[in-house]
Amino acid sequence: MKKIFNFEIANILYEMSELYEMENVQFKPRAYRRAAESIEALNENVSDIYSKGGIKALLEISGVGEAIAEHIELLIKTGTFSEYEKFKKKIPVKWDELTSVQGVGPKTIKVLYKKLNVKNLKDLERAAKQGKIKKLKNFGEKTEENILRSINFLSKSKGRFLLGDILPVVLSIEEALKKIPGVSQVTTAGSIRRQQETIGDIDILVTAKNPRKVMDIFVALPEVDTVFGKGKTKTNVILKNGINADIRVLDPESYGSALQYFTGDKNHNIKLRIIAEKKGYKLNEYGLSKGEKKVAGKTEEEIYKKLGMEYIEPELRTDSGEIEASIAGKLPKLISYNSILGDLQMHTKWSDGTSSIKEMALLAKKNGLKYIAITDHTKNLGIASGLDEKELVRHGKEIDKLNKEIKNFRILKSAEINVLKNGGLDIADSALKKLDIVSIAVHSNFKMGKKEMTARVIKAMQNPYVNILFHPTGRVIKQRPSYEIDMDEIIKTAKKYGVALEIDSFSDRLDLNDLNIKKAVDAGVKLVIDTDAHSPSHLSFLNFGVAQARRGWAKKSDILNTLPVDKFLKAIKGLKNKQ
DNA sequence: GCCGTTTTCGGCCCGACTGTTTTCAGTCG
């Protein structure tokens, strides 16, 4: 049996959905899409679920019924199933490639394949360039142009973007829009407001007296590359960095409902509309109404209130329990932005950072922090010129000196100590003892099996001097997946041995992720949020970590470095005594 | 094909925009 990943199963189900759509079959497309979405969102491997509980366990997955469960069983056992094979024979095209082109959907693919034998992106580009598409019935000049433009865009962008890369651009666009006379409100909704790790596109909402003017100015902004559509209320463009951006101009009376509509992810919104319907309302982007009468819409708060719910923070709106908690009045009070007092991971010229300890400290102080820990790498990370025991002593002396020099601020002696292959550390206990905070991380032998890796990290966490486990899963977004590690076991160990887990705010790490944060919070494990800064500009990442914590339902009390330095040190050392 | 404080049968989110059309299908979010 070949191991099949969740995303592979999901992709095949998505494909089935498109295929049924192409055939004009009713409702099946949505059923398959839903099943695909919930499998994509699963934490556990579908193959594991199946091997543990068989078909019965598969039926527990929401959106998976008897038919799809059987398909999945066959996918796990044989890698395919007969309906899928039948479809593939009928239309042997690269679905993922072709559907990634803006404006090309199942119906279009069918026509292009039947008439022009278009099977993949290359065929599509060739057909468009040769002017064959515009000659087809129901196609025209514009369609062909748009296809070419979209292919061109695809080669530039390749999918999703890091929040950290997109946010500065968004802020600059928002600034420009706010300056337009007659514009009252500007908010970017969607995955940016939810502070997702990666962003698919940008949704900007504006209220304004003169929508046309807003649209004219928007499309002329320097950030804009190509205009795909421009209407009175909605305009769609591609920005120069390759991301898609929509802007909508709204009536102030509908601002809240639009904000709600465009902020919640699809599943959150669908569930909310169902709740509205059950209560006799209709909910859409223009408001909440009963019959002809609008009863709410100006603010999001009034919509949730009318539906008998607590207000739900944007970061939680992903249908992962927040709706039920809101109805029950059991939403947590999330940690707020700018509530971190000390940054606990920071690199300097001593290892692989760009700046001195002093420069980092002064900037952190200027940013409003009260303390930092300098965590240069240790000796086994040769590539980052890691420090050995002797250098750590000199490192500490430099910090002592700066602590006398910089007032109302504290620099903690620390290090990012390597977890060796056998679970040992690359710095002797006698040197660890002298540090204020001991943090450990895996930087080598990423390809170990899950059991081995988990045991390795657990052994390191059992060292009596260890306070924090840095970036516990090791993933780098869009670059490399997490190493194989059993986070449930790591969380148990963290609790048992009094180790805090890090939420690394670096924009391509964000490690722990939201799901693991929630697990840790539920288990009563304490967390810290820090930047992993290697240069001064990285200090601005701190709130990405807070956003991640919020998405993981963390409260202020779950995050130790919201405490002043003395209380923080007491609390983190105190974890050890509770064993 | 899935699902149930709308129902084990009969419903499934829905509105904007585009392009190619003379009234709408397809796509998207």
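What counts, and at which threshold
- Residues numbered from 1 in each chain as written.
- Chains lettered and ligands numbered in written order.
- Predicted model: local features only at pLDDT ≥ 70, side-chain atom pairs only at ≥ 80, totals over all residues.
- Heavy atoms only, no water.
- Pairing = 2+ DSSP bridges.
- Helix = DSSP H or I, 4+ residues; strand = E, 2+ residues; numbered from the N terminus.
- Contact = heavy atoms within 4.5 Å.
- Axes fitted to C-alpha atoms, helices over the stretch in contact; angles between N-to-C directions.
- Salt bridge = Lys/Arg side-chain N within 4 Å of Asp/Glu carboxyl O.
- Buried < 20%, exposed > 50% of the residue type's maximum accessible area, 1.4 Å probe, protein only.
- Near = heavy atom within 4 Å.
- Polar contact = N/O pair within 3.5 Å; in protein donor to acceptor, adjacent residues only side chain to side chain.
- Expected span 1.5 Å × (residues − 1).
- Left-handed = near helix turned anticlockwise from the far one by under 90°.
- Nonpolar A, V, L, I, M, F, W, Y, C, P; charged D, E, K, R; others polar.
- Lys, Arg positive; Asp, Glu negative; His and termini not counted.
- Phe/Tyr/Trp six-rings, centres within 6.5 Å; stacked < 30°, edge-to-face > 60°.
- Lys NZ or Arg CZ within 6 Å of the ring centre and 35° of its normal.

Trainee: How should the sheet that holds strand β11 (residues 342–343) be read in this particular structure?
Mentor: Spatial strand order, β11-β12-β13: three strands in an open sheet with parallel pairing. In this open sheet, the two strands that pair with only one neighbour each are β11 and β13 (410–413). Across four bridges, strand β12 (residues 371–374) lies against β13 in parallel orientation. In the strand pairing of β13, I374 is matched with K413. Against the sheet, helix α17 (residues 357–366) makes contact with β12 and β13, and its axis sits at roughly 155 degrees relative to β12, the strand it touches most. Across the face of the sheet, helix α18 (residues 389–405) comes into contact with β12 and β13 while running at roughly 165 degrees to β13.

Trainee: Can you walk me through the environment of D429 in this structure?
Mentor: Here D429 lies in helix α19 (residues 429–432). Through-space distance from the C-alpha of D429 to that of P464 is 8.9 Å; in sequence the pair is 35 residues apart. Ignoring anything within four residues of it in the chain, the contact list for D429 reads N463 and Y465.

Trainee: Help me out: how do you make sense of the pattern of salt bridges in this one?
Mentor: Where charged atoms from two side chains of opposite charge come close, those side chains can pair. Applying the stated criterion to the full structure yields 29 salt bridges. E197 is the partner of R551 in a salt bridge, and the nearest nitrogen-oxygen pair spans 3.7 Å. Taken together, the residues span a long stretch of sequence, with R551 in helix α23 (residues 542–551) and E197 in the loop between α11 (190–193) and β3 (198–199) at a distance of 354 residues. Note on accessibility: R551 and E197 belong to one class, buried. Of the charged contacts, one joins K492 and E489 as a salt bridge, the two residues approaching to 3.2 Å between their closest N and O atoms. Of this pair, K492 and E489 both sit in helix α21 (residues 487–497), three residues apart, which is roughly one turn of the helix. Classification of E489 as partly exposed rests on a relative accessible area of 29%. Residues joined in a network through salt bridges with shared partners are E197, R475, D514 and R551.

Trainee: Just checking my understanding: could you explain the protein's contact with DNA strand B for this structure?
Mentor: Around DNA strand B, 39 residues are found, and the nearest of them are R30, T108, G140, R273 and K278. Close to the protein, within 4 Å, the atoms of DNA strand B are drawn from sugar and phosphate at a rate of 82%. Within the backbone of A67, one N or O atom sits 3.4 Å away from a phosphate oxygen of DNA strand B. V101 places a main-chain nitrogen or oxygen 3.5 Å from a phosphate oxygen of DNA strand B. Elements supplying a minimum of two residues to the surface near DNA strand B: α2 (28–40), α4 (66–78), α7 (106–116), α9 (141–157), β5 (224–230) and α14 (266–278). If one sorts the elements of the surface near DNA strand B by residue count, α2 sits on top with five residues.

Trainee: Explain α2 to me, please; I cannot follow it from the model alone.
Mentor: Residues spaced three or four apart along an α-helix face the same direction, because each turn holds 3.6 residues. With 13 residues, α2 should reach 18 Å at 1.5 Å per residue; the first-to-last C-alpha distance of 18 Å fits that figure. Restricting attention to buried positions, one finds in α2 the residues P29, Y32, A35, A36, E37, S38 and I39. Among the structural elements, α1 (6–22), α3 (46–59), α4 and α14 are those in contact with the buried residues of α2.

Trainee: Please clarify how the packing of α21 against helix α22 (residues 514–523) should be interpreted in this entry.
Mentor: Each packed pair of helices is defined by two parameters, the angle between the axes and the distance between the axes. Packing of α21 against α22 leaves a shortest axis separation of 10 Å and a crossing angle of 35 degrees. The hand of the α21/α22 crossing is right-handed. Mapping the contact onto sequence places M487, D488, I491 and K495 in α21 and N516, K519, A520 and A523 in α22. Taken together, the residues that form the contact of α21 with α22 break down as four nonpolar, one polar and three charged.

Trainee: I tried to follow the sheet that holds β5 on my own but got confused; where do I start?
Mentor: Sheets are built from strands that pair by backbone hydrogen bonding, the pairs being arranged parallel or antiparallel. In space, the five strands of this open sheet follow the order β2-β4-β7-β6-β5, with mixed pairing throughout. At either end of the open sheet lies a strand with only one pairing partner, and these are β2 (183–188) and β5. Shown here is a sheet whose adjacent strand axes are inclined to one another by a mean of 20 degrees, direction ignored. The strands that helix α10 (residues 163–178) touches are β2, β4 (201–208), β6 (234–239) and β7 (244–250); relative to β2, the one it contacts most, it runs at about 170 degrees. Running over the sheet, helix α13 (residues 255–263) touches β2, β4 and β7 and is turned about 180 degrees from β4.

Trainee: Got a minute to help me understand unusual backbone geometry in this structure?
Mentor: Residues other than glycine predominantly adopt negative phi, and peptide bonds predominantly adopt the trans conformation. Note that the residue after D511, namely L512, is joined by a cis bond; omega there is 10 degrees. Its location among the elements puts L512 in the loop between β17 (500–504) and α22. In this structure, N117 takes a positive phi of about 60 degrees despite not being glycine. With respect to the helices, strands and loops of the structure, N117 is situated in the loop between α7 and α8 (121–129). For N117, a relative accessible area of 44% puts it in the partly exposed group.

Trainee: What should I look at first to understand the side chain of E174 in this one?
Mentor: Residue position: E174 is located in helix α10. No salt bridge is formed by the buried E174. Its closest oppositely charged neighbour is K178, at 4.4 Å.

Trainee: Honestly, the packing of aromatic side chains in this entry has me stumped. Any pointers?
Mentor: Each aromatic ring pair is characterised by the separation of its centres together with the angle its planes make. One pass over the full model with this rule turns up eight aromatic pairs. By the ring-pair criterion, three or more aromatic residues cluster together here, those being Y20, Y32 and F87. Over the ring of Y281 we find K290; its NZ or CZ atom is 4.5 Å from the centre of that ring. Positioned above the aromatic ring of W553 is the side chain of K518, whose terminal nitrogen or guanidinium carbon lies 4.0 Å from the ring centre.

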